[in-house]
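# A look at the structure
Spelled out from the first residue to the last, the chains are:
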Amino acid sequence: MVNAAPPLRWQTATIEKIVPQTPRVSSFFLKLSEPFTTKAGQHVDVRLTAPDGYQAQRGYSMAQAPESGPDRIELCIEELEGGEVSPFFHMVAAAGDEIELRGPLGGHFIWRIDDPGPILLIGGGSGIVPLMSMARHRAASGVPVPMAMLYSARNWSEVIFRDELLELNGKRDGFDCVFTLTRDVEKRDGVHARRIDSAMVMETLMRLPALPAHVYICGSNAFVGAASGAVMAAGVAEGAIRTERYGG
Amino acid sequence: MATRGFFGRQQDPALANRIPPGQALTKDFPVLSAGPTPRIETVQWKFTLKIGPKPVKVWGWDQFHELPQTKLTRDIHCVTTWSKLDTAWQGVLIDDILADAGVEPPTGYTLAHSYDGYSTNVPTADLIAGKAMIATLYEGKPLPPDHGGPARLLVPHLYFWKSAKWVNALQFTEKDELGFWELRGYHAYGDPWREQRYTGDP
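About the criteria used
Residues numbered from 1 in each chain as written. Chains lettered and ligands numbered in written order. Predicted model: local features only at pLDDT ≥ 70, side-chain atom pairs only at ≥ 80, totals over all residues. Heavy atoms only, no water. Helix = DSSP H or I, 4+ residues; strand = E, 2+ residues; numbered from the N terminus. Rg over C-alpha atoms; globule rule 2.2 N^0.38 Å. Buried < 20%, exposed > 50% of the residue type's maximum accessible area, 1.4 Å probe, protein only. Contact = heavy atoms within 4.5 Å. Areas by Shrake-Rupley, 256 points an atom, 1.4 Å probe, with all protein chains shown as cover. Lys, Arg positive; Asp, Glu negative; His and termini not counted. Charge placed at Lys NZ, Arg CZ, Asp CG, Glu CD. Core = buried A, V, L, I, M, F, W, Y, C linked by side-chain atoms within 4.5 Å. Salt bridge = Lys/Arg side-chain N within 4 Å of Asp/Glu carboxyl O. Pairing = 2+ DSSP bridges. Axes fitted to C-alpha atoms, helices over the stretch in contact; angles between N-to-C directions. Buried area = accessible area lost by both parts, 1.4 Å probe. Polar contact = N/O pair within 3.5 Å; in protein donor to acceptor, adjacent residues only side chain to side chain. Nonpolar A, V, L, I, M, F, W, Y, C, P; charged D, E, K, R; others polar. Phe/Tyr/Trp six-rings, centres within 6.5 Å; stacked < 30°, edge-to-face > 60°.

## A closer look at the overall build of chain B
What chain B contains, in helices and strands, is 2 helices and 11 strands. For 202 residues, the compact-globule estimate of 2.2 N^0.38 gives 17 Å, and chain B sits close to it at 17 Å. Relative to its 202 residues, chain B shows a buried fraction of 57%. Contacts in chain B between residues far apart in sequence, at least 24 positions, make up 66% of those at least 6 positions apart. For chain B, the accessible area works out to roughly 8600 Å², and carbon and sulfur atoms hold 54% of it. Taken together, the 21 basic and 22 acidic charged side chains of chain B have centroids lying 4 Å from each other.

Written out as structure tokens, the structure reads:
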């Protein structure tokens with residue numbers, strides 16, 4: 001076998017605080033016992049162990065910018081009905097608890113500030129998490145690469161990182177976030193109220209000075225399928241699109 | 001280290017020897033891929049067997065279906081921790097492809113290639129002796145594009161990223177050449193029972 005790299009070890013991380021983001025999503029801020037540096041878009045594997053030795057593992061994207069330092073990470077976890085790991089985080093886990101994780105993982109769905117731009121990010125629901133890391137990375141690094149984000153959520157109260165995204169939008173420094181709400185009853189100015197489609201993607205692309213060099217799409221399989229179809233219909237080459245699909 | 005307050009889901013003891021460590025059963029069929037789903041019409045579909053850079057034989061869709069058809073029902077295991085039991089496939093065993101091309105495996109290493117530029121390395125020994133196929137039917141129906149249709153490699157005993165979707169070539173290589181995910185941090189072999197998920201896992 002050609003494995004030259006050292007194994008990624010499991011480490012213990014401590015939950016420092018839990019911050020509810022939406023009714024079904026909370027951020028879990030973890031302090032690492034073995035610090036690591038990350039790239040925007042990467043994830044970690046989390047492992048829970050029952051008293052009888054049974055273990056469950058899941059991968060979770062990190063939301064923090066690489067600039068936030070090597071000691072702490074932010075996982076943003078949605079409670080999935082009938083799940084095994086996410087209900088533990090939402091109903092049992094508390095500040096001070098220790099969990100096992102390893103990372104950083106992922107060498108494809110990542111964005112580096114010196115990659116060519118412009119950049120288009122498209123997220124559905126909790127698919128925003130790795131994209132948020134990219135948006136924060138851009139803001140923290142001060143690199144002026146044009147970046148547009150299209151974020152689809154069910155309604156306004158389920159928009160994760162809403163206030164921060166609005167604040168980033170308000171800087172008008174080349175980051176531009178467009179929202180669409182698929183089940184909201186209230187119409188909002190400048191916010192779409194339908195599922196993602198080619199016209200919406202085209203309108204978002206118009207906010208960029210040129211076609212994006214890289215597109216990152218993250219969400220459910222159906223969402224990623226629809227969004228990548230719309231992006232290709234808007235004239236972006238298939239090879240420019242990277243996807244990450246959540247759940248089944 | 002036991003996790004405070006975590007007891008895990010009750011596992012059916014009858015299934016204990018079918019679920020590798022760290023895996024959870026799923027009933028649906030999750031879709032994972034690095035990019036958009038390619039749409040390949042069967043009239044354009046071609047499958048090439050190569051030794052190094054040299055094509056040995058090329059099959060079109062109809063020619064490929066003249067090869068012996070085999071059904072395999074197997075459990076599959078994704079590195080993202082889902083396992084699915086008793087998935088039913090039909091296609092052409094790699095053994096039958098080699099026989100039709102009239103070649104004995106010339107090297108111990110194989111790279112599978114896909115229409116979307118994806119590749120993955122599998123030891124030749126893991127592809128032959130009835131262990132692997134190019135699958136075109138899933139549960140008796142044409143394989144949907146999201147799951148790799150019209151044809152995917154099926155190597156059920158390794159993590160499922162080895163079962164390359166939208167496959168269009170198998171290439172024998174002199175050395176073990178890493179594929180797409182293997183170059184991006186995933187294990188070169190990927191045995192679910194040994195939890196060979198990432199580079200460096202034993």
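## Focus: the overall build of chain A
Of the regular secondary structure elements, chain A holds 5 helices and 11 strands. Rg of the C-alpha trace for chain A: 18 Å, near the compact-globule value of 18 Å for 248 residues, within the 12% margin. Out of the 248 residues in chain A, the part that is buried amounts to 52%. At a minimum sequence separation of 6, the contacts of chain A that also span at least 24 residues come to 71%. Of the accessible surface of chain A, which amounts to about 10200 Å², a share of 51% is contributed by carbon and sulfur atoms. Within chain A, one finds 24 positive and 29 negative side-chain charges whose respective centroids are separated by 3 Å.

## Some remarks on the nonpolar core
Residues and elements named next belong to chain B. Phe47, Phe64, Ile94, Ile97, Ile134 and Leu153 are the most contacted members of the largest nonpolar core, which totals 39 residues. Breaking this core down by element, the ones donating at least two residues are β2 (46–51), α1 (61–64), α2 (94–101) and β11 (167–173). A total of 4 residues in this core trace back to one element, the largest contributor, which is α2. Once residues lying within four places of it in the same chain are set aside, the contact partners of Phe47 are Lys57, Val58, Trp59, Phe64, Ile97, Ile134, Val167, Asn168, Ala169 and Leu170.

## A closer look at the pattern of salt bridges
All names here are of chain A. Applying the stated criterion across every chain, the model contains 22 salt bridges over all chains. Of the charged contacts, one joins Arg138 and Asp173 as a salt bridge, the two residues approaching to 3.3 Å between their closest N and O atoms. With Arg138 in helix α2 (residues 128–141) and Asp173 in the loop between α3 (162–170) and β9 (175–181), this pair connects stretches of sequence that are 35 residues apart. Judged by its relative accessible area of 3%, Arg138 is buried. Relative accessible area serves as the criterion here: at 35%, Asp173 is assigned to the partly exposed category. The network of salt bridges with common partners includes Arg24, Glu78, Arg154 and Glu158.

## Focus: the sheet that holds strand β3 (residues 54–60) of chain B
Residues and elements named next belong to chain B. Ordered in space as β3-β2-β11-β6-β7, the 5 strands form an open sheet in which the pairing is mixed. The open sheet has two edge strands with one neighbour each: β3 and β7 (119–123). Strand-to-strand twist in this sheet, taken as the mean axis angle between neighbours without regard to direction, amounts to 20°. Taken together, the 6 bridges between strand β6 (residues 109–114) and β11 define a ladder with antiparallel strand orientation. The residue of β11 that forms the bridge with Ser114 is Val167.

## So, the interface of chain B and chain A
Across the contact, 40 residues belong to chain B and 46 residues belong to chain A. Carbon and sulfur atoms supply 54% of the area buried between chain B and chain A, which totals about 3600 Å² over both sides. Counting the surface chain B buries against chain A, the share from its top three residues, B:Met1, B:Phe6 and B:Pro36, is 20%. When the shortest N-O distance is used, the salt bridge between B:Arg4 and A:Asp97 registers 2.7 Å. There are 16 residue pairs in polar contact (both at pLDDT 80 or more) connecting chain B and chain A. Split into classes, the residues belonging to the side of chain B that touches chain A amount to 19 nonpolar, 12 polar and 9 charged.

## Here we look at the packing of aromatic side chains
Centre-to-centre distance and the angle between the planes together describe a pair of aromatic rings. All names here are of chain B. Applying the stated criterion across every chain yields a total of 25 aromatic pairs over all chains. Aromatic pair Trp45 and Phe47: ring centres 6.1 Å apart, planes at 15°, arrangement stacked. For the pair Trp45 and Phe47, a shared accessibility class is recorded, and that class is buried. Taken together, a centroid distance of 5.7 Å and an interplanar angle of 40° make the contact between Tyr118 and Phe180 tilted. Remark: Phe180 occurs in the segment after β11 and Tyr118 occurs in the loop between β6 and β7; sequence separation between them is 62 residues. When its relative accessible area of 14% is taken as the criterion, Phe180 is described as buried.

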